[in-house]
2 protein chains.
Amino acid sequence: MCPNQNADSSPPTRDQMVPVDMNGSTSVNSTHTNGVNGVNGTNGTNGVNGVNGNGYNPPQQRRNPYAPRASDFLSNVSNFKIIESTLREGEQFANAFFDTKTKIAIAKALDAFGVEYIELTSPAASEQSRTDCEAICKLGLKAKILTHIRCHMDDARIAVETGVDGVDVVIGTSSFLREFSHGKDMAYITKTAIEVITFVKSKGIEVRFSSEDSFRSDLVDLLSIYQTVDKIGVNRVGIADTVGCANPRQVYDLVRTLRGVVGCDIEIHLHNDTGMAIANAYTALEAGATHIDTSVLGIGERVGITPLGGLVACLYAANPEYVKSKYNLPMLREIENLVAEAVEVNVPFMNPITGYCAFTHKAGIHAKAILNNPSTYEILKPEDFGLTRYVSIGHRLTGWNAVKSRVEQLGLNLNDDEIKDATAKIKELADVRTQSMDDVDSLLRVYHSGIQSGQLAVGQKEALDRLLRKHRESVSNGEGDAVSA
Amino acid sequence: MCPNQNADSSPPTRDQMVPVDMNGSTSVNSTHTNGVNGVNGTNGTNGVNGVNGNGYNPPQQRRNPYAPRASDFLSNVSNFKIIESTLREGEQFANAFFDTKTKIAIAKALDAFGVEYIELTSPAASEQSRTDCEAICKLGLKAKILTHIRCHMDDARIAVETGVDGVDVVIGTSSFLREFSHGKDMAYITKTAIEVITFVKSKGIEVRFSSEDSFRSDLVDLLSIYQTVDKIGVNRVGIADTVGCANPRQVYDLVRTLRGVVGCDIEIHLHNDTGMAIANAYTALEAGATHIDTSVLGIGERVGITPLGGLVACLYAANPEYVKSKYNLPMLREIENLVAEAVEVNVPFMNPITGYCAFTHKAGIHAKAILNNPSTYEILKPEDFGLTRYVSIGHRLTGWNAVKSRVEQLGLNLNDDEIKDATAKIKELADVRTQSMDDVDSLLRVYHSGIQSGQLAVGQKEALDRLLRKHRESVSNGEGDAVSA
């Protein structure tokens with residue numbers, strides 16, 4: 001047996017790859033569930049429908065006849081690290097003011113979640129920033145602690161004294177920033193970068209060199225400086241879409257090109273001004289990036305950067321077992337709430353994973369299929385995040401299959417024609433106002449009781465209206481739910 | 001002169017392309033501001049720094065030596081239509097219940113904004129849905145009105161009687177949906193599709209055929225049915241990422257492949273479960289899609305679809321003049337507020353464009369550069385959306401250049417050393433708690449007054465503390481802002 005093989009990582013044989021029968025539904029033939037484009041939907045969702053419970057399982061992904069493209073050997077979608085920057089980029093969010101206690105609470109929560117790196121504000125920013133940096137370094141977290149400084153010896157000297165595991169160095173390289181920010185040319189930038197990197201390395205800690213506004217920098221300038229710092233032994237080079245102008249194909253091209261130029265790791269930092277920061281991060285990994293910068297809820301300058309939760313959502317969709325093996329996913333909601341409270345915002349209603357309706361299904365055809373097999377309309381399993389699914393049925397878009405499922409949950413005995421008849425009444429009422437689950441349950445119980453007592457038959461609209469009126473009167477007379485009694 | 005040329009679309013000569021001097025800053029040489037990868041940052045932001053005021057100006061983009069890739073002839077990034085589905089997909093959002101009056105208000109607002117199509121819930125869903133559909137068709141809007149139905153003759157017969165300009169037909173084609181939803185095979189789906197399309201076409205209105213869960217459907221099945229419906233004259237075929245599992249490169253490949261198979265228009269509908277719906281839409285346009293589905297704030301099933309505002313942000317970043325010529329951008333915030341109120345949610349704090357801090361700049365180096373030239377850190381011009389920029393300075397990440405700008409705005413007379421000294425005091429105070437603009441202004445006025453009166457010099461910390469204490473006492477004694485008096 002190969003010494004690298006063990007129970008968790010050895011490729012399963014074909015015989016082991018048995019589709020799992022979920023929720024009593026028929027098992028899915030994996031050949032039929034492959035997606036288009038030589039990219040597969042089955043592996044993308046294998047936690048949901050086809051996984052065999054052996055934990056992280058990359059070989060299955062490679063085996064799939066539809067899956068690998070020739071170029072996908074570059075992809076690090078199942079081999080990446082997160083540099084969590086809530087305590088650096090996040091501090092640049094308009095609302096953010098983190099006192100020492102809050103910083104420590106956030107750092108501990110991120111460490112417990114499992115992020116590989118935690119990045120802190122430069123100790124040169126203020127005296128409190130410096131002492132907080134030292135305090136967090138002393139916590140003994142599993143995550144490596146980084147601080148983020150300008151490419152300047154003054155800042156570097158302060159940074160290396162704080163006890164950090166590494167220093168992230170940044171300087172603007174676009175003509176915009178060279179002209180309107182620091183005013184330095186590429187020769188000066190290169191000279192300073194070499195000096196700072198050599199100094200940080202001499203202290204035996206990690207060092208990253210990043211350009212700023214990389215997508216509006218000259219490609220030759222960029223590659224030239226990255227090649228130079230790679231040669232002197234920088235641990236990582238960083239690409240930064242500081243202004244949020246990049247799109248996925250640009251990101252793919254730049255990272256792939258850079259991958260051919262440097263041997264060190266590649267980090268990417270993506271602002272979200274046009275809402276593409278999650279997709280850009282995913283695409284960067286496909287092109288060979290190794291480290292992604294995130295912040296909780298994406299907080300940062302302007303509308304911030306790649307959010308931790310969104311990044312986890314898309315990487316989980318690509319390889320749920322790998323992501324589950326790395327991170328404590330049920331903690332995500334807690335961390336988001338912690339940070340939301342600290343910066344006095346609400347978690348956005350449509351946040352990936354934790355948005356309050358992320359696992360709510362409403363339209364009739366969706367509800368029907370979800371009840372048959374959740375993977376029909378879900379690529380994320382709510383239970384993996386400590387969350388639950390909800391099927392909404394008291395509205396005008398409802399369908400009789402969804403209502404049937406509720407009838408069965410309530411233990412009522414109605415046939416399909418009767419359920420369709422009751423559904424028509426729910427739609428009619430919901431056309432006036434949305435019906436709560438209580439409203440729907442009462443109606444179904446009244447309908448059932450009418451059928452059982454012979455006071456109602458399919459299609460007798462007036463009889464049903466009479467029974468519902470009588471029920472409402474008895475409830476408002478304080479007799480409680482007469483029907484269910 | 002070529003008959004296709006006119007004042008708005010004719011290519012400007014090189015002489016016309018004069019960089020504009022913004023905000024008194026030095027003009028930018030466009031060669032230096034080209035981005036990496038043959039994709040240009042200048043055109044991406046030409047509303048900000050390099051546009052010559054002639055309105056929509058695609059030839060400048062084509063001229064740029066870095067800009068066009070060989071494959072970009074497919075791109076419809078500057079040639080697309082929006083199908084706005086707040087009144088269809090949006091009605092599937094858990095919180096949504098739109099009465100007739102609200103539907104009409106939303107339809108009118110979207111029409112005034114300039115969307116090309118408005119899609120409505122199927123008239124087969126409920127009686128009110130049907131009468132509302134008829135009412136909106138009678139409004140006489142510029143936007144075309146569509147309704148969205150299951151691929152079924154019963155629904156089609158109801159739809160064509162409502163007065164809509166077109167019918168969007170959908171059926172599940174993935175093995176998941178074929179097995180767990182409608183239970184039909186591809187032969188049945190194809191036969192029904194032909195029947196429904198032929199019927200709708202016979203009424204002289206537009207018809208679109210879409211698969212559902214397209215990215216988990218068999219590629220050959222998909223292309224086969226699209227080719228069939230294209231041959232019988234469907235107006236558009238639709239791709240739907242119903243479960244939100246797609247990523248940008250998959251989207252690019254599927255749309256590009258389909259573009260080679262059908263001659264009709266291509267629509268794409270993208271769910272946002274992993275936060276990639278905006279980027280996927282952008283990439284679909286690059287691959288040749290022609291129509292993008294959106295909803296206001298992205299509302300829809302689960303976490304919804306491509307949001308209208310986010311799509312506008314990324315397309316504006318790609319070609320501001322084109323997007324400004326099509327849509328009434330300052331209305332965006334009003335429409336988002338209208339819908340947010342109707343479904344009882346808050347606009348997310350980090351929404352592209354309208355998030356309350358989307359144009360707030362905080363870190364010292366950002367603030368300094370923004371004050372020199374906004375395009376250093378902005379690819380969206382806030383004034384194009386009826387919004388304003390804000391530079392935040394009362395925090396520990398502030399820098400003296402940002403403070404200097406405020407000193408000048410206040411009309412105070414301080415030299416650079418004095419401003420650096422005052423900045424150190426702002427950082428010290430902000431390490432304890434964030435300083436409001438009022439706090440900063442007071443401090444600067446106290447500092448200025450101290451310098452003028454000779455009570456203070458650079459570096460005299462105790463003298464400054466004494467003056468600030470005295471100022472606070474005078475304010476709390478109700479003497480108002482003694483310094484500014």
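See the structure shown above.
This is a predicted model, so every value here is computed, not measured.

A.B. asks: Just to check I follow, could you spell out the nonpolar core for this structure?
C.D. replies: One broad trend across soluble globular proteins is that nonpolar side chains are buried collectively. Of all hydrophobic cores here, the largest spans 269 residues; its most connected members are Phe113(A), Ile118(A), Phe209(A), Phe113(B), Ile118(B) and Phe209(B). Aside from chain neighbours lying at most four places away, what touches Phe113(A) is Leu308(A), Val312(A), Lys326(A), Tyr327(A), Asn328(A), Leu329(A), Met331(A), Leu332(A) and Ile335(A).

A.B. asks: Looking at this model, I keep getting lost on the environment of Lys362(B). Mind explaining?
C.D. replies: By the secondary structure assignment, Lys362(B) is in the loop between strand 9 (360-361) and helix 14 (364-372). Along the sequence, Lys362(B) and Val391(B) sit 29 residues apart, while their C-alpha atoms lie 6.2 Å from each other. Discounting residues that sit within four places of it in the chain, Lys362(B) has contacts with Glu91(A), Gln92(A), Phe93(A), Ala94(A), Ala96(A), Glu301(A), Ala367(B), Ser392(B), His395(B) and Leu397(B).

A.B. asks: How should I be thinking about empty space enclosed by the protein in this particular structure?
C.D. replies: Summed over the entire model, instances satisfying the criterion amount to nine cavities of 30 Å³ or more. Reported here for the largest cavity is a volume of approximately 490 Å³. Considered class by class, the residues forming the lining of the largest cavity number 19 nonpolar, eight polar and no charged.

A.B. asks: I tried to follow the sheet that holds strand 5 (residues 206-212) of chain A on my own but got confused; where do I start?
C.D. replies: Sheet strands line up and pair through hydrogen bonds in the backbone, either parallel or antiparallel. Residue and element names in this part refer to chain A. What the eight strands build is a closed barrel, ordered 1-2-3-4-5-6-7-8; its pairing is parallel. Across the sheet, the mean angle from the axis of one strand to that of its neighbour is 25°, orientation sign disregarded. Here strand 1 (residues 81-84) pairs with strand 2 (residues 117-120) via two bridges, running parallel. Across the sheet, residue Ile-83 finds its bridge partner in strand 2, namely Tyr-117. Along the sheet face, helix 9 (residues 248-259) touches strand 6 (236-241) and strand 7 (265-270) and points at about 160° away from the line of strand 7.

A.B. asks: Quick question: what am I supposed to make of the sheet that holds strand 5 (residues 206-212) of chain B here?
C.D. replies: Residue and element names in this part refer to chain B. Taken together, eight strands build a closed barrel; the order of strands is 1-2-3-4-5-6-7-8 and the barrel is parallel. Between one strand axis and the next, the sheet turns by 25° as a mean value, whatever way the strands run. Relative to strand 6 (residues 236-241), strand 5 runs parallel, the two being bridged by three bridges. Paired with Arg-208 across the strands is Arg-236, a residue of strand 6. Across the sheet, helix 5 (residues 153-160) is in contact with strand 3 (144-150) and strand 4 (166-172); its angle to strand 3 comes to roughly 160°.

A.B. asks: I tried to follow the relation of the copies chain A and chain B on my own but got confused; where do I start?
C.D. replies: Related by rotation about an axis and a shift along that axis, the two copies of the chain form a pair. For these two chains of identical sequence, chain A goes onto chain B by a turn of 180° and a shift of 0.0 Å along the axis, with RMSD 0.1 Å. Expressed as a symmetry operation, the mapping of one chain copy onto the other fits a two-fold axis. For chain A, the smallest separation between a C-alpha atom and the rotation axis is recorded for Pro348(A), amounting to 2.5 Å. When the interface residues of chain A are mapped onto chain B, 100% of them are again interface residues, pointing to one common binding face.

A.B. asks: What is the right way to look at the interface of chain A and chain B in this model?
C.D. replies: The accessible area lost on association of the parts is a frequent measure of interface size. Tallying the contact residues gives 117 residues for chain A and 117 residues for chain B. Both sides of the chain A and chain B interface together cover about 9,600 Å² of buried area, and 58% of this is carbon and sulfur. If you look at where chain A meets chain B, you find six salt bridges. Among the salt bridges present, the one from Glu286(B) reaches Arg249(A), with a minimum N-O distance of 3.4 Å. At the surface where chain A touches chain B, the tally comes to 20 residue pairs in polar contact (both at pLDDT 80 or more). If one sorts the elements of the side of chain A that touches chain B by residue count, helix 9 of chain A sits on top with seven residues. Here the residues of the side of chain A that touches chain B are counted per class, giving 48 nonpolar, 45 polar and 24 charged.

A.B. asks: How should I be thinking about the pairing of strand 4 (residues 166-172) of chain A in this particular structure?
C.D. replies: Residues and elements named next belong to chain A. Counting buried positions along strand 4 gives seven out of seven residues, so the element sits mostly inside the fold. Covered by surrounding structure in strand 4 are Gly-166, Asp-168, Val-170 and Gly-172 together with Val-167, Val-169 and Ile-171, the residues of both alternating faces. Both strand 3 (residues 144-150) and strand 4 contribute to a ladder of five bridges, which runs parallel. Within strand 4, the residue paired with Thr-147 across the bridge is Val-167. You can see the chain leave strand 3, run along helix 5 (residues 153-160) and come back into strand 4, and the turn it takes is right-handed. Where strand 4 meets strand 5, seven bridges bridge the pair, whose relative direction is parallel. Bridge pairing in strand 5 places Val-167 opposite Val-207.

Calculation notes
- Just so you know, the residues in each chain are numbered from 1, in the order the chain's sequence is written.
- Chain letters and ligand numbers both follow the written order, the letters beginning at A and the numbers at 1.
- Residues qualify for local features only when their pLDDT is at least 70, as the model is predicted, and side-chain atom pairs are given and counted only at 80 or more; totals for whole chains, interfaces and linings, by contrast, use all residues.
- The side-chain values count all of the structure's non-hydrogen atoms but skip hydrogen atoms and water molecules.
- For the purposes of this section, nonpolar cores are sets of buried Ala, Val, Leu, Ile, Met, Phe, Trp, Tyr and Cys residues that join through side-chain atoms within 4.5 Å.
- Classification of residues uses two cut-offs on accessible area relative to the type maximum, computed with a 1.4 Å probe and protein chains only: under 20% is buried, over 50% is exposed, and between them is partly exposed.
- Residues are treated as being in contact if the distance between any of their heavy atoms lies within 4.5 Å.
- Only DSSP runs of H or I reaching four residues or more are called helices, and only runs of E reaching two or more are called strands; each is numbered from the N terminus.
- Cavity and pocket criteria rest on a 1 Å grid covering protein atoms alone: a 1.4 Å probe that fits but cannot get out defines a cavity, protein on both sides within 12 Å along at least 5 of 7 lines defines an open pocket, and an atom within 4 Å of a point defines a lining residue.
- Grid points are joined across faces, edges and corners, and a volume is the space filled by probe spheres set on the points.
- Gly is placed with the polar residues, together with every amino acid not listed as nonpolar (Ala, Val, Leu, Ile, Met, Phe, Trp, Tyr, Cys and Pro) or charged (Asp, Glu, Lys and Arg).
- Any two strands with at least two DSSP bridges between them are considered paired.
- The axes are straight lines fitted to the C-alpha atoms, using for helices just the contacting stretch, and the angles between their N-to-C directions are given from 0 to 180°.
- In this comparison the copies share one frame, found by least squares on the C-alpha atoms of residues holding pLDDT of at least 70 in both.
- A quick way to say it: buried area is the sum, across both parts, of accessible area lost when two parts are put together, with a 1.4 Å probe.
- By salt bridge we mean one thing: a side-chain nitrogen of Lys or Arg within 4 Å of a carboxyl oxygen of Asp or Glu.
- N or O atoms within 3.5 Å of each other form a polar contact, as long as, within protein, one can give a hydrogen and the other can take it, and as long as residues adjacent in sequence are counted only when both atoms are side-chain atoms.
- A crossover counts as right-handed when, viewed with the strands pointing away from the observer, the path leading from the first strand over the helix to the second turns clockwise.

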